[in-house]
Amino acid sequence: MSSELLQNVRILDPELATDTVTDILIKEGIINAIQPNLSPSSDVEIRDAKGFILGPGLVDLYSHTGEPGFEERETISSLIDAATAGGFTRLSILPDSVPPIDNPATVSLIHHQAQSKTGFQVYLWGALTQSVAGKQMSQLAELATTEIIGFADGKPVQDLMLLRRLLEYLKPFNKPIALYCCDRQLVSNGVMREGNESILSGLPGIPAYAETTAISTVLEIVAATKTPVHLMRVSTARSVELIREAKARNLPITASTTWLHLLLNTQAISGKKQILPFQFTPYDPHLNLDPPLGNPEDQIALIQGVKDGIIDAIAIDHTPYTYEEKTVAFADAPAGTIGLELALPLLWQTFVSSGQWSALELWQALSTKPLKCLGQKPSKIAVGQPAELTLFSPQTPWKVAAKTLKSLSVNTPWMRQEITGKVVRTYTP
């Protein structure tokens, strides 16, 4: 590894809640010095980092890979490349591969593939359920002995008795449990959030209570079992209220929303102007998400929820699909979009540059807080510690295109648009 001196860089330390401009010297992957006006030796590469941001490496709570099963969408290697390009040093993969991550062999296979990327940390969620219909527990005790970070499905557990048994059974293992709360019967054939925009568009709506009734149920089971859970993909204003009330009752829960639910609402689907300086194609299939984009009041509540700490973390939920899979009508498109390379610059420009959030608030929600949701200790920005860092230039413009993205898939509404803010380098130990 080379040695590098970053001069006049703005260092964000979410753990110490400090935001300072100074110099930092990194030698052979270790932080060697942090102080103003450092004098380097002749063998050190010097970078004038004035105007750049340096913070802990970003951490994603849940995303998808195509490998094994759909390597044309994304491989483990391309997923890690995309994450690194977006400033992430740790990534958590959901278990919905083919075969799924519900057995030690698949865990071993994916870990072996990930080890080719030195220094990058890949976490694997073990599958809660085994059958396609989600009616049967996985071999949970066997999975718990492997290198999984915790248990999740990425899809709702619809059988409530099974859900209760899962939480009771998994409590002694002391591993994170992530649940996506959604009642599929109430979703029915809906494709966007129910409200004025769904009525005007003529698209079948998904009521907010498809999510909130499921969250209420999970919270009641958590209150009874005392098993800690993480609530994934929170997307409605009422959900934020329920989580706020549950935390006031000291229930053992954490929660996350996705970056797109903070940036956009249902008006983006119909092509109306957003707070971002972008105009989206009406009924762009890349905006078909699960859960769907919320109404404006949902977006406002989620933004405030992150600022208040009710929503602990921001997840990317990177979901790659091929061009052919997404080039269909909005209602027919599979739900999901990529985001590992786009999230930081778009969130920074929307919330930090506008003054809605401080730089530390955004960085916490993307780095140290996701780690805490996973039960992991955050890396430290201190002399003698490994350099697990992200260097970000908030003013650098770049165009989103297939040749500028590391992901194999390009299913994003920002395709062929110029955005501001780019990761300069990601440091891994």
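Structure's up top.
These lines cover the structure that appears in this document, whether it is placed above or below.

What counts as what
- Residues numbered from 1 in each chain as written.
- Predicted model: local features only at pLDDT ≥ 70, side-chain atom pairs only at ≥ 80, totals over all residues.
- Heavy atoms only, no water.
- Helix = DSSP H or I, 4+ residues; strand = E, 2+ residues; numbered from the N terminus.
- Buried < 20%, exposed > 50% of the residue type's maximum accessible area, 1.4 Å probe, protein only.
- Contact = heavy atoms within 4.5 Å.
- Areas by Shrake-Rupley, 256 points an atom, 1.4 Å probe, with all protein chains shown as cover.
- Lys, Arg positive; Asp, Glu negative; His and termini not counted.
- Charge placed at Lys NZ, Arg CZ, Asp CG, Glu CD.
- Pairing = 2+ DSSP bridges.
- Axes fitted to C-alpha atoms, helices over the stretch in contact; angles between N-to-C directions.
- Core = buried A, V, L, I, M, F, W, Y, C linked by side-chain atoms within 4.5 Å.
- Left-handed = near helix turned anticlockwise from the far one by under 90°.
- Nonpolar A, V, L, I, M, F, W, Y, C, P; charged D, E, K, R; others polar.

Secondary structure assignment for the protein yields 14 helices and 17 strands. For the protein, the C-alpha atoms occupy an extent of roughly 65 × 50 × 45 Å along the three principal directions. The burial tally for the protein puts 59% of its 429 residues in the buried class. Counting contacts in the protein only where the partners sit at least 6 residues apart, residues at least 24 apart contribute 74% of the total. Here the protein displays about 17000 Å² of accessible surface, and carbon together with sulfur accounts for 51% of that area. When the 35 basic and 43 acidic side-chain charges of the protein are each reduced to a single mean position, those positions are 3 Å apart.

For the rest of this paragraph, the subject is the sheet that holds strand E7 (residues 88-93). Strand order in the open sheet formed by eight strands is E6-E7-E8-E9-E10-E13-E14-E15, and the pairing between neighbours is parallel. Among the strands making up the open sheet, the edge pair consists of strand E6 (58-63) and strand E15 (313-315). In this sheet, adjacent strand axes meet at a mean angle of 30 degrees when their direction is disregarded. Pairing of strand E8 (residues 121-127) with strand E9 (residues 150-152) involves three bridges; the strand directions are parallel. In the strand pairing of E9, Gly 126 is matched with Phe 151.

The next point concerns the nonpolar core. The biggest cluster of nonpolar side chains holds 100 residues, and the ones touching the most others in it are Leu 231, Trp 259, Ile 314, Leu 347 and Trp 414. Contacts of Trp 259, omitting those with residues within four sequence positions, involve Ile 314, Ala 315, Ile 316, Ile 338, Gly 339, Leu 342, Ala 343, Leu 346, Leu 347 and Trp 414. Core analysis: the second largest hydrophobic core is formed by 20 residues, Ile 149, Ala 152, Cys 182 and Val 187 among them.

Take the packing of helix H12 (residues 343-352) against helix H13 (residues 359-366) next. Running from amino to carboxyl end, H12 crosses H13 at an angle of 145 degrees, the nearest separation of the two axes being 10 Å. In this structure, the crossing between H12 and H13 has a hand that is right-handed. Of the residues in H13, those in contact with Leu 344, Leu 347, Trp 348 and Val 352 of H12 are Ala 359, Leu 362, Trp 363 and Leu 366. Residues belonging to the contact of H12 with H13 are distributed by class as follows: eight nonpolar, no polar and no charged.

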